[in-house]
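Architecture and fold: a report
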Amino acid sequence: MAKLMSFKNTVLKNLFSKPVTKNYPAEPAVYPKRSRGHIEINIEDCILCGICSMNCPSRAITVDRKAGTWTINRFDCVQCGYCTEKCPKKCLSIVPGYQEPMSMKASATYEKPVEEKKKFPQADTEVCVFCTLCAKKCPQGAITVDRAEKKWELNKDACVSCGLCESNCPKKCISMKEEN
Amino acid sequence: MGKQSIIPFGPQHPVLPEPIHLDLVIEDEKIVEAIPSIGFVHRGLEGLVKKKDFNEMTYVVERTCGICSFMHGMGYCEAVENVMNVEVPDRGKYLRTIWAEMSRIHSHLLWLGLLADAFGFESLFYQCWRMREKVLDLFELTTGGRCIFSVNKIGGVLKDIDAEMLQTMLSVFEEMETELKTIRKTFLFDYTVESRLKGVGVLTKEQAHNLGAAGPFARASGVKIDMRTRGYGAYPDLDFEPITSEIGDSFARCDVRINEIFQAIDLIRQMIGKMPSGEISAVVKGNPNGEYFMRVEQPRGEAIYYVKANGSKFLDRMRVRTPTFANLPGMLETLKGADLADVPLLILTIDPCISCTER
Ligand code: SF4
Ligand code: SF4
Ligand code: SF4
């Protein structure tokens, strides 16, 4: 008998308890704080460096520096959060709330409000020890350091003004200055 | 000898969430031989190492599978960390191991549900999946994702689990353990379940060993093989014994997996009990150079990650050998001589994950 009635307790319990499912959407879903719903950008802080787009595993982000736009295809994004790790300005975050379904893939474009003058790093060659750390950290390979010749050079066309060289310099001799 | 005919099974079949095809050679109702063909969902993940740098690859690797996603990421990261000689801080190791054991619980509950579904016990199926939902909620609370967590990185983990969350986990697992004990009674002592599982698809210890079976499938046949005893993550600090059974039939596989859920809950308790404080990840400098084989115990068995690096951002090679791949020969063996009606059940008993197999 025990072999036939082993499920009895579960059946009885379920008969007299509330359903485990929610009456969605009348009763909305509650997401925990860490829920990875979608990427949010604080466009004011963004410097359009493009590091997020270069590192995004699904290539969901496009950064157009000339037009001053940051675009994300929310249907391509896999919510991995790698862009939030990589952004030098920490202006990306991943927040609860999923993208609503649509009949076709759509992207969201954010425009940089005011186009400021671009800032470029400048090294104080008096203090600089030519350790080449800035060159190694530069995501664009825009810095060339020649230890023998004691030369620090910047390729302004390649530089995206991310400021990583400034924050990584052990001697703190790099500063980001506006172009005159 | 009776007349032989061939019945195609899959790639689309109600019991298969993923595509695998078998040509079943049958004589009357008995299977004489099963000839598999795979490759329906090959995605070429391993080739992507040439296009994505080794850090970015973490997010690709964990998308190999939706069930063991965490362990895929963990195995890959540990392989690269070993190449780079990076020591993950203790807390990072513990967090990884907690998430890994939670993955085991949710994977086994998923399997138990599918098994119940395969032998036609629908309500038991829903009971298992209802319980699994709690683990998924815990995952969402701690990592932000329900199936893909993106918390692994080379050098450690990205998110910490605070004391309050650990407490929530303890109480959820406490509750779950009670419910699981009730369900265990049905799985292991119910007449209907017994008649569908006992003596079905026996794989002897020798066969399991010779055919290179892995994980619970091998342990149910008495092969005491469990990669966790190799001691990666927090396992060296934990007290556990691989769960085995000598019987080797479908019932034994069910028995081993149910008991592994209890074991996983116990391991999580042990870890929460002695959770070290401190950093959760180490600083990683430079690019990897060298090669490494990492072996981890996934819910389905041993998975191997091979990584070969050349000192640049991009790896030379990455290879994943998944447990389902190792278990396919064993599965084909159990099919020989089985009833046609038992085929769906027998395929399920290895807990197949075809996406993993085909990467
Ligand atoms: S990495 Fe950050 S600062 Fe750079 S473009 Fe992306 S969002 Fe803007
Ligand atoms: S979350 Fe991942 S997939 Fe989405 S935009 Fe960021 S890096 Fe790309
Ligand atoms: S700001 Fe510095 S690190 Fe960034 S791109 Fe320009 S030179 Fe390279």
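Refer to the preceding data block for the structure.
Residues numbered from 1 in each chain as written. Chains lettered and ligands numbered in written order. Predicted model: local features only at pLDDT ≥ 70, side-chain atom pairs only at ≥ 80, totals over all residues. Heavy atoms only, no water.

Here we take up the sheet that holds strand S8 (residues 315–321) of chain B. Residues and elements named next belong to chain B. Spatially, S6-S7-S8 is the arrangement adopted by the 3 strands of the open sheet, whose pairing is antiparallel. Here the strands that pair on one side only, and so sit at the sheet edges, are strand S6 (289–298) and S8. Each strand axis lies, on average, 10 degrees off the axis of its neighbour in the sheet, ignoring direction. Bridging between strand S7 (residues 301–310) and S8 involves 6 bridges; their strand directions are antiparallel. By the bridge assignment for S8, Tyr305 is matched with Val320. (Pairing = 2+ DSSP bridges. Helix = DSSP H or I, 4+ residues; strand = E, 2+ residues; numbered from the N terminus. Axes fitted to C-alpha atoms, helices over the stretch in contact; angles between N-to-C directions.)

On to the interface of chain A and chain B. If you look at the interface, chain A gives 24 residues, while chain B gives 34 residues. In this assembly, chain A packs against chain B so that about 2300 Å² is buried in total across both faces, 49% of it on carbon and sulfur atoms. With a shortest N-O distance of 3.2 Å, Arg59(A) and Glu56(B) are connected by a salt bridge. Our count for the chain A to chain B interface comes out at 9 residue pairs in polar contact (both at pLDDT 80 or more). Among the elements of the structure, helix H1 (8–15), helix H2 (51–55) and helix H3 (82–86) of chain A are those that each provide at least two residues to the side of chain A that touches chain B. Element by element, the count of residues in the side of chain A that touches chain B is highest for H1(A), at 3 residues. In terms of residue class, the side of chain A that touches chain B is built from 12 nonpolar, 6 polar and 6 charged. (Contact = heavy atoms within 4.5 Å. Buried area = accessible area lost by both parts, 1.4 Å probe. Salt bridge = Lys/Arg side-chain N within 4 Å of Asp/Glu carboxyl O. Polar contact = N/O pair within 3.5 Å; in protein donor to acceptor, adjacent residues only side chain to side chain. Nonpolar A, V, L, I, M, F, W, Y, C, P; charged D, E, K, R; others polar.)

Every residue lining ligand 2 is accounted for by Ile39(A), Cys56(A), Pro57(A), Ser58(A), Ile61(A), Ile72(A), Cys77(A), Val78(A), Gln79(A), Cys80(A), Gly81(A) and Cys83(A). Taken together, the residues that form the shell around ligand 2 break down as 9 nonpolar, 3 polar and no charged. (Near = heavy atom within 4 Å.)

This brings us to the side chain of Arg300(B). Residue and element names in this part refer to chain B. Here Arg300 lies in the loop between S6 and S7. The buried category is assigned to Arg300, whose relative accessible area is 4%. Within the structure, Arg300 has its side chain in polar contact with the side chain of Ser107 (distance 3.5 Å). (Buried < 20%, exposed > 50% of the residue type's maximum accessible area, 1.4 Å probe, protein only.)

Put simply, Tyr24(A) and Pro25(A) share a cis peptide bond, and its omega is 0 degrees. Despite not being glycine, Gln79(A) shows a phi value in the positive range, around 55 degrees. Inspection of the secondary structure assignment puts Gln79(A) in the loop between strand S3 (69–73) and H3. The phi dihedral of Asn85(B) is positive, around 55 degrees, even though this residue is not glycine. For Asn85(B), a relative accessible area of 69% gives the class exposed.

On to the pattern of salt bridges, then. Here the idea is simple: oppositely charged side chains can pair when their charged atoms come close. Residue and element names in this part refer to chain B. Counted by the stated rule, this structure contains 27 salt bridges over all chains. A salt bridge links Arg96 to Glu78; the nearest nitrogen and oxygen atoms lie 3.4 Å apart. Of the two residues, Arg96 sits in helix H3 (residues 90–118) while Glu78 sits in helix H2 (residues 69–84), which places them 18 residues apart along the sequence. Residues joined by salt bridges that share partners form a network here, namely Glu101, Arg104, Arg219, Asp226, Arg228, Glu260 and Glu297.

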